[in-house]
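Next come the chains, spelled out residue by residue.
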Amino acid sequence: MDDDRTLRLAPHEVALLRGGPRAAVTVAVVDLYLRGALDAGPPGTVRALPSAPGTAAVPLPPLAEVVRGCLHEPLPVRRLTRHPDVRLAVALMRIPLAEAGLLRCPLLGPTRAARRRVRALQEAHLPPTSRRGMTADDRLLAVALHDVAALRALLPRFALRAGLVERVEVAGKRLLKNSPPEHGSGSGGGMAYYCGGGGD
């Protein structure tokens, strides 16, 4: 029964339990990107996009709503996570999680039960190798559970441009950190450096 309750947690909450505020904000950013409300800005930043017609009626999760409202200018996710409004939204997310026994008071770290539940979800939802057949909700949960591994497989170009994954210099080329070599892709293009191949 406890596991059923865990499955009903929003991806933002799962991410908070697994990796803290930065992980929760990353999921909010990906959520907004998948909805077409946000895109990568200047290198290493994200920026809000104008609302498309008809999207105002679709409610955003509270954290995603706050994140979008803070993007008056392009910001790196690290600065976005420290924004006072985002910090307040994360604090409000923590209250029901603490009441459910998933966060310790007063330190607000995950409890043993929370870590056990996150591990169970990770075992039930293995890191994705491609986005084929995955819904937007599936992708959000994958990012919530597997962070960089999921970002590289599902949204490699956006994650790189938005600064959600690290770059490294190799022989004068900027690549994703720990990304596989180019050979074996069959495409002959630079995108072979990204896990999962293909675009976002």
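Here the structure is shown first, and the text comes after it.
This write-up is about the structure you can find in this document. Because the structure is a prediction, the values reported are computed rather than measured. (Residues numbered from 1 in each chain as written. Predicted model: local features only at pLDDT ≥ 70, side-chain atom pairs only at ≥ 80, totals over all residues. Heavy atoms only, no water.)

**Let's talk about the nonpolar core**
Right, so step 1: Counting residues in hydrophobic clusters, the biggest one holds 53 residues, and the most contacted among them are Val 29, Val 46, Leu 63, Val 67, Leu 80, Phe 158 and Leu 164.
Right, so step 2: Among the elements that line this core, the one with the most residues is helix H3 (residues 21–34), at nine residues.
Right, so step 3: What Leu 63 contacts, discounting residues up to four positions off in sequence, is His 12, Ala 24, Val 25, Ala 28, Val 86, Ala 89, Val 90 and Met 93. (Core = buried A, V, L, I, M, F, W, Y, C linked by side-chain atoms within 4.5 Å. Buried < 20%, exposed > 50% of the residue type's maximum accessible area, 1.4 Å probe, protein only. Helix = DSSP H or I, 4+ residues; strand = E, 2+ residues; numbered from the N terminus. Contact = heavy atoms within 4.5 Å.)

**A few points about the packing of helix H2 (residues 11–19) against helix H6 (residues 84–99)**
Right, so step 1: Running from N to C, H2 and H6 point in directions that differ by 85°, and their axes come no closer than 11 Å. The angle between the axes of H2 and H6 places the two elements in the roughly perpendicular class. Listed contacts from H6 to His 12, Glu 13, Leu 16 and Leu 17 of H2 are Val 90, Met 93, Arg 94 and Leu 97.
Right, so step 2: Of the residues that constitute the contact of H2 with H6, the class distribution is five nonpolar, one polar and two charged. (Axes fitted to C-alpha atoms, helices over the stretch in contact; angles between N-to-C directions. Parallel < 35°, antiparallel > 145°, perpendicular 65-115°, else oblique. Nonpolar A, V, L, I, M, F, W, Y, C, P; charged D, E, K, R; others polar.)

**Some points on unusual backbone geometry**
Backbone geometry follows two general trends: most residues other than glycine have a negative phi, and most peptide bonds adopt the trans configuration.
Right, so step 1: We note that Asp 147 has phi near 50°; this positive angle belongs to a residue other than glycine.
Right, so step 2: Structurally, Asp 147 is set in the loop between helix H8 (136–146) and helix H9 (148–154).
Right, so step 3: Using a relative accessible area of 25% as the deciding quantity, one classes Asp 147 as partly exposed.

**Quick notes on the packing of aromatic side chains**
The description of an aromatic ring pair rests on the distance of the ring centres and on the angle between the ring planes.
Right, so step 1: Within the structure shown, the criterion is met by one aromatic pair.
Right, so step 2: Measuring from ring centre to ring centre gives 3.9 Å for Tyr 33 and Phe 158, while their planes differ by 15°; the resulting arrangement is stacked. Separated by 125 residues along the polypeptide, Tyr 33 in helix H3 and Phe 158 in helix H10 (residues 156–161) bring together distant segments of the chain. Summarising the burial analysis for this pair, Tyr 33 and Phe 158 share the class buried. (Phe/Tyr/Trp six-rings, centres within 6.5 Å; stacked < 30°, edge-to-face > 60°.)

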